[in-house]
Amino acid sequence: MRKKFCMLALLCAPIAMQAEEIIKDSTISEVVVTGTRNETLSSQLPTSITVIGSEKLNENYRLSVIPTLTEQVPGLFATSRNVMGYGVSTGAAGSMKIRGVGSDAKLLVLIDGQPQYAGLMGHPIPDAYQTLIADRVEVLRGPASMLYGSNAMGGVVNIVTPQMNQDGQKTNFQLGAGSYGSLQGQASNRLRVGRFSSIVGINYQRTDGHRPNSQFAQESGFLKLGYDISDNWKVSADGNLAYFKASNPGPETAPLLDNDSRVLRGLASASISNRYEHTSGTLRGFYDWGHHKINDGYAYGGTPRDNFYLHNDHIAGITWYQTASFFTGNNVTVGLDWQHFGGHAWNRYHDRRPNNELADKTQNEVGAYIDFRQDITNWLSIDAGVRYDWHCQAGSEWIPQGGLTFHPTSYDDIKAIASKGFRNPIIREMYMFPPANPDLEPERMMNYELSYTHRFEGYGSVGANVFYIDGDNLINTIVSEGRPRNVNTGDFTNCGFEVFGDYRLTSHWTVNANYSFLHMDTPVTGSPEGKIYAGAKYTCGKFSALVGVQNIRKLYLSDTAKENYTVLNATASYRLHPNITIYAKGDNLTAERYQTYMGFPMPKATFMGGVSIDL
């Protein structure tokens, strides 16, 4: 009863506040697409969304978006193991969690709304998420299953690709080199001629790694084409191809040899969109595929393995949504999603013995949803939605979501939301390896949240939120009748708060900071209890410098082992010519000894310098 009372109070408390009439000003609120699938002011949504723009993503000259997300998004943390690269399989890092929820396919990564995960294993592929393809990244902190279905149980990371809206072209080249034989480079071109637009880019990065047998190398390319059929209709198509080689040195206490991965990932999509005064929508078809070849390696002094692990996986799907406004202050969105996913996994022996078949399975999932948003007065909006999801193995699930948004002034938002998240069991859990159990049911959780944001027009914003998460029916591995078996037995309760803000002090100085506190009744590896980041940027003429410090408290490396550390990073750049900028950066400048993944210490201070050319 006490728990239910706290939830009710959390949702109803804002109703008691006095509110004054306002005029909503679209110039002081960010436009996002992740919370509704169509462009909407973030101030009108009850969900908590963090937007990281292209300037922030590129100011540290990082080729991956993940390190920036770990700094800039309260409540989000990603593990790491090397100078660059995350890898897959045993020893892989890049596991992202939001508020302690995210491992084992509980956090959904999207590119322009297109799901990104391995069809057999269900998890994201962190090495595929490059700054090159990102105009901005929108992170929905909390369940998004009502809109996006399974895998969005803990939240959504949506990478929004660039657009070229004006005639002309822009070309950029970047090249950098640094510690441990690290090299990174990328080139991109944006073009618009009349109704036609295109974006193309390639990148390359490699490192010897700071430990023996920790090399990493990656090449990737991106292409996006668009054509405006009319002022109201446009079509687009895009493709992305990434290939990486990663060597896993193993835990420091039990190093490995030949633990190497070769991974090829590709995706393609085509869409047609419409936009009118009172309605807009998109129909998209997509295909995501991968080929993985993995040698699990062996210990020093041991015997090399006699086989490779290989798999081919895919996701094919269609998404459609249409939003309409039937009267003043009203928005209704309806949508349909269909996904066909799976793959084939096997062990191939070096001596040409017959393959050991591990899985050859495909599944289907279909979802339909409706989301209703209405301004009751000019200071109060309600949002309610429901999704029906059907999975060919796990069955059907209803996913409701509801929230309130208050606007006491044109610069203040108070939001309350209750949302359900769920995750269907993945193919690996049902059909692969000894714990497999085809009778698994979906995992579920409820999230209750209250948030407040204040905007300083033209200068920045500050905000805070509190949340309570109650999860059950989690899939755990237990020993039954002498053998491991996956069963729905787990539950958890997470609660905490997040504080965030950014402010332009002068024409030269900007600052930003965020802090998140997470209490978990059941510790989750790769989740810190406390995470704080503070950064400052100084710009004067041709010179720019930024400094960021992040402190992590009680990061769970295991059920009992915890890590505390502080990392200081800095970047400086100088514009030699209107088109040429040189830069230098250092990470972990205090040479802190720490790890985010058990047994994989991070490097001490590392440095990189390079040049960026704009044409």
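Scroll up for the structure.
Fair warning: this is a prediction, and the values are worked out from it, not measured in the lab.

Now for the overall build of the chain. Secondary structure summary: the chain contains five helices and 33 strands in total. For 615 residues, the compact-globule estimate of 2.2 N^0.38 gives 25 Å, and the C-alpha radius of gyration of the chain, at 24 Å, lies within 12% of that figure. With the principal axes as the frame, the chain shows a C-alpha extent of 75 × 65 × 50 Å. The 615 residues of the chain split such that 54% are buried. Looking at the chain alone, contacts between residues at least 24 apart form 61% of all its contacts between residues at least 6 apart. Accessible surface for the chain amounts to roughly 25,800 Å². Of this, 58% is attributable to carbon and sulfur atoms.

Another point: the packing of aromatic side chains. On inspection of all chains with the given rule, the structure shows 13 aromatic pairs. For the pair Tyr448 and Tyr468, a centre-to-centre distance of 6.5 Å together with 40° between the ring planes defines the contact as tilted. Residue Tyr448 is located in strand β23 (residues 443-456), and its partner Tyr468 is located in strand β24 (residues 460-480); the two are separated by 20 residues in the primary sequence. In this structure Tyr448 comes out as buried when scored by relative accessible area, which is 14%. Where Trp509 meets Tyr538, the ring centres are 5.0 Å apart and the plane angle is 50°; that geometry is what we call tilted. Placement of the pair is Trp509 in strand β26 (residues 509-520) and Tyr538 in strand β27 (residues 528-540), with a sequence separation of 29 residues. Classification of Trp509 by relative accessible area gives partly exposed; the value is 39%.

What follows is about the sheet that holds strand β7 (residues 114-116). Here five strands make up an open sheet; going across it, the order is β3-β8-β9-β6-β7 and the pairing mixed. Every interior strand has two partners, whereas the edge strands, β3 (49-53) and β7, have only one. Along the sheet, successive strands turn relative to each other by an average axial angle of 25°, direction set aside.

Together, Lys245, Arg262, Lys293 and Arg348 line one region of the surface with positive charge. By the secondary structure assignment, Lys293 is in strand β16 (residues 279-299). Residue class for Lys293 comes out partly exposed when judged on its relative accessible area of 31%.

Attention shifts here to the nonpolar core. By size, the foremost hydrophobic cluster in this structure holds 63 residues, and its most contacted members are Val65, Leu69 and Val137. Sort the elements by how many residues they give to this core and strand β6 (residues 108-111) lands first, with four residues. Not counting residues within four places of it along the chain, the set of residues in contact with Val137 comprises Thr50, Val51, Ile52, Leu57, Val65, Leu69, Val157, Asn158 and Ile159. If you look at the next biggest cluster of nonpolar residues, it comprises 10 residues, including Met153, Leu474, Phe492 and Met520.

A separate point is the pairing of strand β17 (residues 307-324). The element β17 is extensively covered by neighbouring structure, given that 14 of its 18 residues are classed as buried. As paired elements, β16 and β17 share 16 bridges and run antiparallel to each other. Its bridge partner lying in β17, Ser280 is registered against Thr323. Note that β17 and strand β18 (residues 330-349) share 18 bridges and pair antiparallel. The residue of β18 that forms the bridge with Leu310 is Trp346. Joining the antiparallel neighbours β17 and β18 is a turn of five residues, in which Gly329 adopts a positive phi near 75°.

Next up on the list: the pairing of strand β13 (residues 216-228). The pairing of strand β12 (residues 196-207) with β13 spans 12 bridges and is classified as antiparallel. Within β13, the residue paired with Tyr204 across the bridge is Glu219. The pairing of β13 with strand β14 (residues 233-247) spans 13 bridges and is antiparallel. Bridged to Gly221 within β14 is Leu241.

A separate point is the pattern of salt bridges. Scanning the entire structure with this criterion turns up 28 salt bridges. Two residues, Arg136 and Glu138, come together in a salt bridge whose shortest N-O distance is 2.7 Å. The exposure class of Glu138 is buried, given its relative accessible area of 0%. Two residues, Glu429 and Arg423, come together in a salt bridge whose shortest N-O distance is 2.9 Å. This pair shows no difference in class: Glu429 is buried, exactly as Arg423 is. Salt bridges linked by common partners bring Arg37, Asp337, Arg387 and Asp389 together as one network.

With respect to the helices and strands, Asn259 occurs in strand β15 (residues 256-275). By relative accessible area, Asn259 is classed as buried at 4%. Separated by 2.6 Å, the side chains of Asn259 and Asn248 make a polar contact. Separated by 2.8 Å, the side chain of Asn259 and the backbone oxygen of Asn295 make a polar contact.

A word on unusual backbone geometry. In terms of backbone geometry, most residues other than glycine have negative phi values and most peptide bonds are trans. The phi angle at Arg99 is positive, at roughly 60°, despite the residue not being glycine. Along the chain, the position of Arg99 falls in the loop between β5 (96-98) and β6. Judged by relative accessible area, which is 2%, Arg99 ranks as buried. Of note, Lys554 is a non-glycine position whose phi angle comes to about 55°, a positive value. Topologically, Lys554 is positioned in strand β28 (residues 543-556). Judged by its relative accessible area of 34%, Lys554 falls in the partly exposed class.

Along the chain, the position of Gly201 falls in strand β12. Apart from the residues within four sequence positions on either side, Gly201 is in contact with Leu132, Ala187, Ser188, Ser220, Gly221 and Phe222.

What follows deals with the environment of Thr171. Mapped onto the elements of the fold, Thr171 is located in strand β10 (residues 168-178). Given the relative accessible area of 16%, Thr171 is considered buried. Residues Thr171 and Pro408 lie 237 residues apart in sequence; the distance between their C-alpha atoms is 45 Å. Excluding residues that lie within four positions of it along the chain, Thr171 makes contacts with Ser188, Asn189, Ile613, Asp614 and Leu615. Polar contacts involving the side chain of Thr171 include one to the side chain of Asn189, which spans 2.7 Å.

Within the secondary structure layout, Tyr243 lies in strand β14. For Tyr243 and Phe286, which are 43 residues apart along the polypeptide, the C-alpha to C-alpha distance reads 19 Å. Apart from the residues lying within four places of it in its own chain, the contact partners of Tyr243 are Ala217, Gln218, Glu219, Arg262, Val263 and Leu264.

Rules behind the numbers
- Residues numbered from 1 in each chain as written.
- Predicted model: local features only at pLDDT ≥ 70, side-chain atom pairs only at ≥ 80, totals over all residues.
- Heavy atoms only, no water.
- Helix = DSSP H or I, 4+ residues; strand = E, 2+ residues; numbered from the N terminus.
- Rg over C-alpha atoms; globule rule 2.2 N^0.38 Å.
- Buried < 20%, exposed > 50% of the residue type's maximum accessible area, 1.4 Å probe, protein only.
- Contact = heavy atoms within 4.5 Å.
- Areas by Shrake-Rupley, 256 points an atom, 1.4 Å probe, with all protein chains shown as cover.
- Phe/Tyr/Trp six-rings, centres within 6.5 Å; stacked < 30°, edge-to-face > 60°.
- Pairing = 2+ DSSP bridges.
- Axes fitted to C-alpha atoms, helices over the stretch in contact; angles between N-to-C directions.
- Patch = residues over 30% accessible without salt bridge, like charges linked within 9 Å, V, L, I, M, F, W, Y side chains within 5 Å.
- Salt bridge = Lys/Arg side-chain N within 4 Å of Asp/Glu carboxyl O.
- Lys, Arg positive; Asp, Glu negative; His and termini not counted.
- Charge placed at Lys NZ, Arg CZ, Asp CG, Glu CD.
- Core = buried A, V, L, I, M, F, W, Y, C linked by side-chain atoms within 4.5 Å.
- Polar contact = N/O pair within 3.5 Å; in protein donor to acceptor, adjacent residues only side chain to side chain.

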